[in-house]
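Chain by chain, the residues:
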Amino acid sequence: MRLAIIGDIHKAWDDADAAYFNASDYDALLFVGDLPGRTHRGTLDVARGMSAVNKPALFLPGNHDGVSMMQLLAELQQNRSRIEKKSRGQEQLCAELDAALGAIRMCGYSRHTLTSGSTVIDVVAARPHSMGGDRLAYAPYLERTFGIGSMADSAARILDCIRACENPILILAHNGPTGLGGERNSIWGCDFRKEAGDFGDPDLRMALDQARVENCPVLGVVAGHMHLHVRGLPDRDWCVRQDNLTFVNAARVPRIFKLEGERVHHHIRMTIQAESVQVAEVLISDAGRVIRESAPAQPMNN
Ligand SMILES: [Fe+2]
Ligand SMILES: [Fe+2]
């Protein structure tokens, strides 16, 4: 099974992307969220552009897939009453987003089966709109829509989805789990505080740890959110391996950029065969030609 993982788009999506993926031999596309730019405008335009994709595709909303910039500021200030006020309209935005995405499935706390020949996997979509760290972002909306009131609730819901799977499991999240490093440029490390620290999602870690105890066949996690470029340091590793699981951070932002004078489009290719997972970072030209393909820094040993 061949999957394309598309990291934080932040407006970097155009017709060349849709044309490339439609002509490709990918079985499915996984979008990790964050469609608009800094001002939070253009979310629906990006979604309409994505809807040209004719492969099975899943979209897990990120922290930027919200109503307004003010809402995100309220989240950053951790002001509950302002978050409450500014999150009004989130349901409507999600409904509009769902419509704009066409056949691409909006997901969150949900389970989706993908098939390619004899290979079948279940994708578990984790908590939508994650902002990283130990605070539940979009709390009023998560409560209203999913009945999730705490990290523990969220972990339990993700675990319920995992337990319901009957095939090898890939987890789609906006942000990765805790437990993968606390340096500024660790795969989900905090680069905006002087003291750095682990900025992964604790609920996802709790679910993964319990899934391991219960021998659930989790292959790995694909996510984004913590952009790979970190000021003043080498980029984050985009793939790490732990306990035989593969963790991918696909957030190369901007995902369309110039490489030696040529415009290139970024995504991660994941190949799953039996329970073996291989990944590569792929750069495609506007014309759909592979410009560069890189293996992860850490060897893939399964
Ligand atoms: Fe992002
Ligand atoms: Fe994000």
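Position numbers for residues start from 1 in each chain and track the written sequence from start to end. Labels follow written order: the first chain is A, the first ligand is 1, and so on. For this predicted model, a pLDDT threshold of at least 70 governs which residues receive local features, and a threshold of 80 or more governs which side-chain atom pairs are given and counted, while totals over whole chains, interfaces and linings are taken from all residues.

Participant: Outline unusual backbone geometry, supporting the account with residue identities and numerical values.
Facilitator: In this model, V253 is joined to P254 through a cis peptide bond whose omega is -5 degrees. Non-glycine residue N215 carries a positive phi angle of around 60 degrees. In this structure, D243 takes a positive phi of about 50 degrees despite not being glycine. Secondary structure follows DSSP: runs of H or I at least 4 residues long count as helices, runs of E at least 2 residues long count as strands, and numbering of each begins at the N terminus. Relative to the helices and strands, D243 is located in the loop between β9 (239-242) and β10 (245-249). Taking the number of C-beta atoms within 10 Å as the measure of exposure, D243 has 9 and is therefore exposed. The exposure scheme places C-beta atoms from the backbone and then counts, for each residue, the other C-beta atoms within 10 Å of its own, assigning buried at 20 or more, exposed at 12 or fewer, and partly exposed in between.

Participant: Give me the pairing of strand β5 (residues 110-116): which residues, what numbers.
Facilitator: Two strands pair if DSSP finds at least two bridges between them. Where β5 lies against strand β6 (residues 119-125), 7 bridges are found, and the strand directions are antiparallel. The partner of T113 across the bridge, within β6, is D122. Following β5, the chain reverses through 2 residues before pairing antiparallel with β6; G117 in that reversal takes a positive phi of roughly 60 degrees.

Participant: Can you break down the nonpolar core residue by residue, with the values?
Facilitator: In this structure, I5, L29, L30, L58, L172 and V222 are the most contacted members of the largest nonpolar core, which totals 77 residues. Within the second largest apolar cluster, 7 residues are counted, among which are L136, A137, Y138 and I148. Here, a nonpolar core means buried Ala, Val, Leu, Ile, Met, Phe, Trp, Tyr and Cys residues linked by C-beta atoms lying within 7 Å of one another.

Participant: Now, about the packing of helix α7 (residues 151-163) against helix α8 (residues 202-213): what can you tell me, with residues and values included?
Facilitator: What counts as an axis is a line fitted to C-alpha atoms, over the stretch in contact for a helix, and the angles between N-to-C directions run from 0 to 180 degrees. Taken N-terminus to C-terminus, the directions of α7 and α8 make an angle of 45 degrees; their axes are 8 Å apart at the nearest point. In terms of axis orientation, α7 runs oblique to α8. Here α7 runs over α8; the crossing is right-handed. Residues M151, S154, A155, I158, L159 and I162 of α7 lie in contact with α8, whose contacting residues are P202, D203, L204, M206, A207, Q210 and A211. Residues are sorted three ways: Asp, Glu, Lys and Arg are charged, Ala, Val, Leu, Ile, Met, Phe, Trp, Tyr, Cys and Pro are nonpolar, and all the rest, Gly among them, are polar. Considered class by class, the residues forming the contact of α7 with α8 number 10 nonpolar, 2 polar and 1 charged. Orientation is classified from the angle alone, with under 35 degrees giving roughly parallel, over 145 giving roughly antiparallel, 65 to 115 giving roughly perpendicular, and any other angle giving oblique. Handedness of a crossing is defined here by the sense of rotation of the near helix relative to the far one, left-handed for an anticlockwise turn of less than a right angle and right-handed for a clockwise turn. Our contact criterion uses C-beta atoms placed from the backbone: two residues qualify when those atoms are within 7 Å.

Participant: I'd like a description of the packing of helix α2 (residues 43-50) against helix α5 (residues 90-100), backed by residues and values.
Facilitator: Interaxial distance between α2 and α5 falls to 8 Å at its minimum, and their mutual angle equals 25 degrees. It follows from the interaxial angle that α2 and α5 lie roughly parallel. Here α2 contributes T43, L44, A47 and R48 to the contact with α5, which in turn contributes E96, L97 and A100.

Participant: Which residues make up the sheet that holds strand β7 (residues 169-172), and what are the values?
Facilitator: Strand order in the open sheet formed by 6 strands is β5-β6-β7-β8-β10-β9, with mixed pairing between adjacent strands. Of all the strands in the sheet, just β5 and β9 have a single pairing partner and so form its edges. Going from strand to strand, the sheet's axes swing by 20 degrees on average, the running direction of each strand aside. Taken strand by strand, α7 contacts β5, β6, β7 and β8 (218-223), and its axis lies near 165 degrees from that of β6.

Participant: Please set out the environment of A287 residue by residue, giving values where relevant.
Facilitator: Among the secondary structure elements, A287 is positioned in the loop between β13 (276-285) and β14 (290-294). Under the C-beta neighbour-count criterion, A287 is labelled exposed, with 11 such atoms within 10 Å. Put simply, A287 and I148 are 139 residues apart on the chain and 44 Å apart in space, counted from C-alpha to C-alpha.

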